[in-house]
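What the coordinates show
The lines below spell out each chain.
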Amino acid sequence: MLHRLFVEPFTYPFMARALAELLICGTLAGTVGVVILLRRLAFMTDALTHTVFPGVVVGHLLSGDSGIFWGALAAGLLTAILLTTLTRRREVAEDTALAVMLTSFFAVGVVMVSRQTGYTADLTAFLFGRILTVTEAQLLQSAVVAALVVALLAVLRRPLLARTFDPEGARAVGYRIGLLDLAINVVVALVVVASVRAVGTVLVIALLIVPAAAARAVSDRLVVIVPLAALIGALGGWAGLATSYEASINHGLRLASGGTVVLALVAFHLACLAAGTARRHRRCTAMVPVRPAVAP
Amino acid sequence: MITLTLDQVGVSYGSARALDSIDGTVHAGEAVALIGPNGAGKSTLIKAILGLVPVASGRITVLGVSPDQARHHMAYVPQADTLDPDFPISVGEVVLMGRYRRIGWLRRPKRADRTAASRALEQVGLAERARDRFGTLSGGQRQRVLLARAIAAEPRLLLLDEPFNGVDAVSEQALLDAITGLKSGGTAVVISTHDLALAHLACEGVCLLNCCQYGFGPAAATLTPERLRATYGGNALELRGDRVIVAHS
């Protein structure tokens, strides 16, 4: 049963490529998600997923599917720089700046895509992804982005930890906070760009936030949280894709793969929340002092 | 040996003058308390010494060079309650952060780094809590962990921002003992506080601040009723014989 559900579908090359893409993106997004969670950058990340949208559209208009990655990359990097600059200035509140950027960039994308003849189909593909049509060249792009991001995080892990835990203390020892913030915004932009094809601009936020939140629910230690978030990201991708295939092919129930992946991640999150609550309850029970025996 | 020199230091935020004409020296092994009401510029002066806010006039030198050049010889202890108590980090990991500049970006911590971190934690009396999550400690204990992080960096100038705020008696004594230990090792210490009694206990010198300087020198000679009244605006001061009580608004 498990073999039929989780292995057999991926004997088809298009399904194997889709799985490889989701494993790369899930692992990567899970890892980067921990930084987003600890820095409380979920809204910033959500803004970034939307601002990438016009880049996706322009890339597609210029050179079809192969242009999506480069268009998204350009928009993502531009956004990362703009966000870093805007959030360091104090004239405009950070959330206001993010909201204005999010909506204006997204509106530009919608206006551009609405001029296409296949408007609805294109919009749906950009918003919710088209994982089953991933090519080997696109897989390679994702793998290169993943290697780049992992290398960057490995090099910057100590300054990033110091900056995230105590920004003032990190500045005092000489870390360049502005550059670190730019680096992390670029990293998030790269992960969004790499994952956009798999799950679309709307659902990519789930890939970045949910695995990290799930891992945080069951552990207080970063050395556990980071690998666990990466594992949950990858397993969520696998389980979602397998479920989508099984429901569509063997049960005649068409399930969109991107949405099913997100639902699988949410299921993992709920399970982790339950496990975390049970763990805390056990700890509290163990800590209740034993009442001394009352002398007769 | 002079560790810190403040020479007519002025700091501005835009057009607003936050500090004006601050003058004084701190020697190796000596502690100076920055005393003044809220908003007097105590934290601003600490940030200026750290090189985090630009000096608009005058000059700050640390070990004979500018703060930027002396950064590796300075350590800073922020207020513990400004940090996220939910952050998933252990006490030992926080203290090891004090060694990050020595460890570098890529290599693993050496035995010397781990030993320095353990010793620092022992100095603040929390050696047995190394594996606990930082956020599970009390406010006073967290403050001690942050001091241990600074001790692990082996600084020649230590700057503490209101370290005794909301700290219980046990932690207060542990902080005082650790600061005394650092001073005996030749570290110069600057502490911002509005607790006059603790300033007396921990520091040889005081600097009375309220945007400008109302006194800098030995605690006994500088903490006079007149100077305190001038620093705090006079109306929040009560005198009972030779005792001074400052009421904060």
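Here is what the cut-offs are and how they apply
- Residues numbered from 1 in each chain as written.
- Chains lettered and ligands numbered in written order.
- Predicted model: local features only at pLDDT ≥ 70, side-chain atom pairs only at ≥ 80, totals over all residues.
- Heavy atoms only, no water.
- Axes fitted to C-alpha atoms, helices over the stretch in contact; angles between N-to-C directions.
- Helix = DSSP H or I, 4+ residues; strand = E, 2+ residues; numbered from the N terminus.
- Parallel < 35°, antiparallel > 145°, perpendicular 65-115°, else oblique.
- Left-handed = near helix turned anticlockwise from the far one by under 90°.
- Contact = heavy atoms within 4.5 Å.
- Salt bridge = Lys/Arg side-chain N within 4 Å of Asp/Glu carboxyl O.
- Buried < 20%, exposed > 50% of the residue type's maximum accessible area, 1.4 Å probe, protein only.
- Expected span 1.5 Å × (residues − 1).
- Pairing = 2+ DSSP bridges.
- Polar contact = N/O pair within 3.5 Å; in protein donor to acceptor, adjacent residues only side chain to side chain.
- Buried area = accessible area lost by both parts, 1.4 Å probe.
- Nonpolar A, V, L, I, M, F, W, Y, C, P; charged D, E, K, R; others polar.
- Phe/Tyr/Trp six-rings, centres within 6.5 Å; stacked < 30°, edge-to-face > 60°.
- Lys NZ or Arg CZ within 6 Å of the ring centre and 35° of its normal.
- Patch = residues over 30% accessible without salt bridge, like charges linked within 9 Å, V, L, I, M, F, W, Y side chains within 5 Å.
- Areas by Shrake-Rupley, 256 points an atom, 1.4 Å probe, with all protein chains shown as cover.
- 1 Å grid on protein atoms, 1.4 Å probe; cavity = no way out; pocket = protein on both sides within 12 Å on 5 of 7 lines; lining within 4 Å.
- Points joined across faces, edges and corners; volume = space filled by probe spheres on them.

As for the packing of helix 3 (residues 42–63) of chain A against helix 5 (residues 94–114) of chain A
All names here are of chain A. Packing of helix 3 against helix 5 leaves a shortest axis separation of 8 Å and a crossing angle of 25°. Our classification of the angle between helix 3 and helix 5 gives roughly parallel. Remark: the crossing between helix 3 and helix 5 carries left-handed chirality. Only D95, L98, A99, M101, L102, F105, F106, V108, G109, V110, M112 and V113 of helix 5 make contact with helix 3, whose side of the interface consists of F43, M44, D46, A47, H50, T51, F53, P54, V57 and V58.

A short note on the pattern of salt bridges
The tally for this structure, following the rule as stated, stands at 18 salt bridges over all chains. Notably, a salt bridge pairs R171 of chain A with E168 of chain A, separated by 3.8 Å at the nearest N-O pair. Here R171 of chain A pairs with E168 of chain A, and both are found in helix 8 (residues 167–172), just 3 residues apart, close to one helical turn. Owing to a relative accessible area of 32%, R171 of chain A belongs among the partly exposed residues under this scheme. Between D220 of chain A and R133 of chain B there is a salt bridge, with the nearest N and O atoms lying 3.6 Å from each other. Taken together, the residues span two chains, with D220 of chain A in the loop between helix 9 (177–218) and helix 10 (222–250) and R133 of chain B in the loop between helix 4 (111–123) and helix 5 (139–152). R133 of chain B sits in the buried class, given a relative accessible area of 18%. Three or more residues are tied together by salt bridges with common partners; here these are R99, R102, R107, D113 and E154 of chain B.

Overview of helix 10 of chain A
Spanning 29 residues, helix 10 of chain A covers 41 Å between terminal C-alpha atoms, matching the ideal 42 Å at 1.5 Å per step. At the exit of helix 10 of chain A stands G252 of chain A, carrying a positive phi of roughly 65°.

Thoughts on the pairing of strand 6 (residues 157–161) of chain B
Residue and element names in this part refer to chain B. Of all the 5 residues making up strand 6, 5 are buried; the element is thus mostly covered by neighbouring parts of the structure. Strand direction decides the pairing type here: strand 5 (residues 74–77) and strand 6, joined by 4 bridges, are parallel. Bridging across to strand 6, V77 finds its partner in L160. Summarising the sheet, strand 6 and strand 7 (residues 188–193) pair through 5 bridges and their orientation is parallel.

Side note on the side chain of R71 of chain B
Residue position: R71 of chain B is located in the loop between strand 4 (57–62) and strand 5. Among the polar contacts made by the side chain of R71 of chain B, one reaches the main-chain carbonyl oxygen of L50 of chain B at a distance of 2.9 Å. When residues no more than four places from it in sequence are discounted, the contact partners of R71 of chain B are R171, A172, V173 and G174 of chain A together with L50, G51 and L52 of chain B.

What about the interface of chain A and chain B?
Contacts between the two partners involve 25 residues from chain A, matched on the other side by 27 residues from chain B. On the chain A side of the contact with chain B, R158, F165 and A172 of chain A bury the most area, a combined 31% of that side's loss. One salt bridge connects E168 of chain A with K47 of chain B, and the closest N-O pair in it is separated by 3.0 Å. Linking chain A with chain B are 9 residue pairs in polar contact (both at pLDDT 80 or more), by the criterion used here. Looking at the side of chain A that touches chain B, the elements that each hand over two or more residues are helix 7 (136–165), helix 8 and helix 10 of chain A. In terms of residue count, helix 7 of chain A provides more of the side of chain A that touches chain B than any other element does, 10 residues in total. Class assignment of the residues belonging to the side of chain A that touches chain B gives a composition of 13 nonpolar, 3 polar and 9 charged.

Some words on the packing of aromatic side chains
Under the counting rule described, the total for this entry stands at 7 aromatic pairs over all chains. On the basis of an interplanar angle of 65° and a centroid distance of 5.4 Å, the ring pair of F165 of chain A and F87 of chain B is categorised as edge-to-face. One end of the pair, F165 of chain A, is in helix 7; the other, F87 of chain B, is in the loop between strand 5 and helix 2 (91–96), on a second chain. Accessibility expressed as a relative area gives 3% for F165 of chain A, which makes it buried. Residue F87 of chain B is classed as buried on the basis of its relative accessible area of 2%. Through successive ring pairs, a cluster of aromatic residues spans Y12, F14 and Y245 of chain A. Stacked on the ring of Y100 of chain B, the Lys or Arg R158 of chain A has its end atom at 5.9 Å from the ring centre.

Side note on the environment of V113 of chain A
Considering the arrangement of structural elements, one finds V113 of chain A in helix 5. Spatially, the C-alpha atoms of V113 of chain A and F53 of chain A are 9.9 Å apart, while their sequence positions differ by 60 residues.

Details of a nonpolar patch on the surface
On the surface, Y12, F14 and L132 of chain A cluster together into a nonpolar patch covering about 260 Å² of accessible area. Following the sequence through the fold, F14 of chain A ends up in helix 2 (residues 13–39).

Topic: the layout of surface pockets
Taken as a whole, the largest pocket spans an internal volume of roughly 1800 Å³. Every residue lining the largest pocket is counted, 49 residues in all, and those nearest its centre are L161, R221, L222 and V223 of chain A together with E93 of chain B. Mapped onto the lining of the largest pocket, the elements with two or more residues apiece are helix 2, helix 7, helix 9, helix 10 and helix 11 (257–287) of chain A together with helix 2, helix 3 (100–103) and helix 4 of chain B. The class makeup of the residues in the lining of the largest pocket is 27 nonpolar, 7 polar and 15 charged. Volume-wise, the second largest pocket comes out at about 1100 Å³. Lining the second largest pocket are 31 residues, and of these R88, R163, P167, I177 and D181 of chain A sit closest to its centre. Among the secondary structure elements, those contributing two or more residues to the lining of the second largest pocket are helix 2, helix 4 (65–88), helix 7, helix 8 and helix 9 of chain A.

Notes on empty space enclosed by the protein
Residues and elements named next belong to chain A. Here the structure, examined in full by the defined rule, presents 2 cavities of 30 Å³ or more. Counted as a void, the largest cavity has a volume near 120 Å³. Forming the walls of the largest cavity are V56, D65, I68, A125, F126, G129, R130, T133, Q138, V196 and R197. Counting only elements with at least two residues in the lining of the largest cavity, the list comes to helix 4, helix 6 (119–128) and helix 9. Of the residues that constitute the lining of the largest cavity, the class distribution is 5 nonpolar, 3 polar and 3 charged.

Read these as geometric descriptors, not functional statements.
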